Amino acid sequence: MPGPTFVTADPGSAAAAAMLWAYYEDIVGRYWGRLALPAEVESAMADEPSHDLQGGTGLLVLGMLDRVPVACGGVRFVGAGIGELTRVYVAAQARGTGTGAALLDHLSELAVDAGLTQLRLTVRTDLIEARRLYARAGYAEVAPFNTEPYAEHWFAKDLR
């Protein structure tokens, strides 16, 4: 099976909206320890919109296997050469294929191309697989850099 390909997407496009829905459905369900209800997913998406992941404020990437979207990830440009990874998600059927690692590599390349020198992110404690993925990709735990309600671990990676 060939590896993933990546396309930069408008967060409002149908494919991006479907992947963002899947991302929120996954993290909301994990948070509650059950399947997420549609109203909970809608609420989370309204609380944390993704419309800024385009243009001069960020970017959103879709990961494709056999031309089917199976992953997404974004970089929000926060200033002073810093970007924040967000919306990193790999659908269940693509986990274990290297898609997550390839997605992080691709996002890092795009960040460097955009002039960023550091990527950082936050993650919840219960997202064990994500924390492992970030550590394998060279992200190190750092002191808290924000007070977001679901931030329990803070990671950063120098891109220089």
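Visitor: Can you lay out the sheet that holds strand β6 (residues 140-141) for me, pointing to particular residues and giving the numbers?
Guide: Taken in spatial order, the seven strands of this open sheet run β1-β2-β3-β4-β5-β7-β6, and their pairing is mixed. The open sheet has two free edges, formed respectively by β1 (5-8) and β6, since each of these has just one partner strand. In this sheet, strand β3 (residues 68-79) lies alongside strand β2 (residues 58-65) in antiparallel orientation, the contact comprising eight bridges. Bridge pairing in β3 links Leu59 to Val75.

Visitor: Describe helix α2 (residues 38-47), naming the residues involved and giving the relevant values.
Guide: Every buried residue of α2 is accounted for by Glu40, Val41 and Ala44. Seen along its axis, α2 keeps its buried residues to an arc of 100 degrees; they face one direction. Within α2, the exposed residues directed more than 90 degrees away from the buried face are Pro38, Ala39 and Ala46. Each element contacted by the buried residues of α2 is listed here: α1 (14-32).

Visitor: A description of the pattern of salt bridges should follow, citing residues and the corresponding values.
Guide: Under the definition given, this model contains eight salt bridges. Ionic pairing is found between Glu129 and Arg30, a salt bridge with its closest N-O pair at 3.0 Å. Here the residue Glu129 occupies a position in helix α4 (residues 128-136), and Arg30 occupies one in helix α1, the gap between them amounting to 99 residues. Residue Glu129 is classed as partly exposed on the basis of its relative accessible area, which comes to 45%. Ionic pairing is found between Arg34 and Glu40, a salt bridge with its closest N-O pair at 2.6 Å. Salt bridges sharing partners connect three or more residues here, namely Asp26, Arg30, Arg95 and Glu129.

Visitor: Can you break down the nonpolar core residue by residue, with the values?
Guide: One finds Leu85, Leu119, Tyr134 and Tyr139 to be the most contacted residues of the largest nonpolar core, which totals 46 residues. The set of elements that each furnish at least two residues to this core consists of α1, α2, β2, β3, β4 (82-90), α3 (99-113), β5 (118-123) and α4. Looking at which element gives the most residues to this core, the answer is α1, with eight residues. Contacts of Tyr139, omitting those with residues within four sequence positions, involve Leu85, Ser108, Leu119, Leu121, Tyr134, Phe155, Ala156 and Lys157.

Visitor: Would you mind going over the side chain of His153 in detail, with residue names and values included?
Guide: The residue His153 is located in strand β7 (residues 153-158) in this model. At 3.2 Å, the side chain of His153 and the side chain of Glu141 are in polar contact. What His153 contacts, discounting residues up to four positions off in sequence, is Leu121, Thr122, Val123, Arg124, Thr125, Arg131 and Glu141.

Visitor: Can you tell me about the environment of Glu42, naming the residues and giving the values?
Guide: Residue position: Glu42 is located in helix α2. A C-alpha to C-alpha distance of 9.1 Å links Glu42 and Glu25, two positions 17 residues apart in sequence.

Visitor: Let's hear about the packing of aromatic side chains: which residues, and what values?
Guide: Per the counting criterion, the structure on display carries five aromatic pairs. With a centroid separation of 5.4 Å and 85 degrees between ring planes, the pair formed by Tyr31 and Tyr150 is classed as edge-to-face. Remark: Tyr150 occurs in the loop between β6 and β7 and Tyr31 occurs in helix α1; sequence separation between them is 119 residues. With a relative accessible area of 43%, Tyr31 lands in the partly exposed category. When its relative accessible area of 42% is taken as the criterion, Tyr150 is described as partly exposed. Ring geometry for Tyr134 and Phe155: centres 6.1 Å apart, planes at 50 degrees, overall tilted. Here Tyr134 is found in helix α4, whereas its partner Phe155 is found in strand β7, with 21 residues between them in sequence. The class for Phe155 is buried, based on a relative accessible area of 4%.

Scoring rules and cut-offs
Residues numbered from 1 in each chain as written. Predicted model: local features only at pLDDT ≥ 70, side-chain atom pairs only at ≥ 80, totals over all residues. Heavy atoms only, no water. Pairing = 2+ DSSP bridges. Helix = DSSP H or I, 4+ residues; strand = E, 2+ residues; numbered from the N terminus. Buried < 20%, exposed > 50% of the residue type's maximum accessible area, 1.4 Å probe, protein only. Arc of directions from axis to C-beta. Contact = heavy atoms within 4.5 Å. Salt bridge = Lys/Arg side-chain N within 4 Å of Asp/Glu carboxyl O. Core = buried A, V, L, I, M, F, W, Y, C linked by side-chain atoms within 4.5 Å. Polar contact = N/O pair within 3.5 Å; in protein donor to acceptor, adjacent residues only side chain to side chain. Phe/Tyr/Trp six-rings, centres within 6.5 Å; stacked < 30°, edge-to-face > 60°.

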